[in-house]
Amino acid sequence: MDNKCEFCDVEENKDIFFKWLPAMFGLEKKDHDYNPDVTVFITDDNELELCVMIGDDYLVKEKKEIKYCPFCGRRLQND
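Definitions and cut-offs
Residues numbered from 1 in each chain as written. Predicted model: local features only at pLDDT ≥ 70, side-chain atom pairs only at ≥ 80, totals over all residues. Heavy atoms only, no water. Pairing = 2+ DSSP bridges. Helix = DSSP H or I, 4+ residues; strand = E, 2+ residues; numbered from the N terminus. Axes fitted to C-alpha atoms, helices over the stretch in contact; angles between N-to-C directions. Salt bridge = Lys/Arg side-chain N within 4 Å of Asp/Glu carboxyl O. Buried < 20%, exposed > 50% of the residue type's maximum accessible area, 1.4 Å probe, protein only.

**Focus on the sheet that holds strand β4 (residues 57-65)**
The strand order across the open sheet built from four strands is β1-β2-β3-β4, with neighbouring strands paired in antiparallel fashion. If you trace the sheet from one side to the other, it starts and ends with β1 (17-20) and β4, each paired once. Put simply, the sheet's adjacent strands are angled 10° from each other on average, direction ignored. Two strands pair when backbone bridges link them, and β1 and strand β2 (residues 37-42) are joined in this way by four bridges, in the antiparallel orientation. Note that in β2 the partner of Phe 18 across the bridge is Thr 39.

And the structure:
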């Protein structure tokens, strides 16, 4: 039986949350240049990371060390 968690037990981290926010200054483009995006994911260092970006620039980047996966409860290994 394969009980892998899609957020903490994978080769490549999967976003827990990703959302394009409304374009800043009323500007809208197909490539989302003016849309901030919000992403939350578990890093390889077992941190819950929140990023708010516009283009390639971070507006906010916060990390919080976690010991357990918030979804499956599995204890995360800290190297």
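Additional details are given in the paragraphs that follow.
**Looking at the pattern of salt bridges**
The final tally for this structure, using the stated rule, is three salt bridges. Ionic pairing is found between Lys 14 and Glu 6, a salt bridge with its closest N-O pair at 2.4 Å. Shared partners join several salt bridges into a network, and the residues in it are Glu 47, Glu 49 and Lys 63.

**Examining the environment of Tyr 34**
By secondary structure assignment, the location of Tyr 34 is in the loop between β1 and β2. For Tyr 34, a relative accessible area of 32% corresponds to the partly exposed category. C-alpha of Tyr 34 to C-alpha of Leu 21: the two residues are 13 residues apart in sequence and 9.3 Å apart in space.

**Details of the pairing of strand β3 (residues 47-54)**
Counting buried residues in β3 gives six out of eight residues, a clear majority hidden from the surface. The turn joining β2 and β3, which pair antiparallel and follow one another in sequence, is formed by four residues; a positive phi near 60° is taken by Asn 46. As defined by bridge partners, β3 adjoins β4 across eight bridges and the pair is classed as antiparallel. Counterpart to Cys 51 in the pairing with β4 is Lys 61. Hairpin geometry of β3 and β4 is characterised by an intervening segment of two residues between the two adjacent antiparallel strands and by a positive phi of about 65° at Gly 55.

**A look at the environment of Asp 9**
As for its position among the elements, Asp 9 is in the segment before β1. Residues Asp 9 and Leu 76 lie 67 residues apart in sequence; the distance between their C-alpha atoms is 9.3 Å.

**Focus on unusual backbone geometry**
A positive phi is found at Asn 46, a non-glycine position, where the angle reads about 60°. Mapped onto the fold, Asn 46 is located in the loop between β2 and β3. When its relative accessible area of 10% is taken as the criterion, Asn 46 is described as buried.

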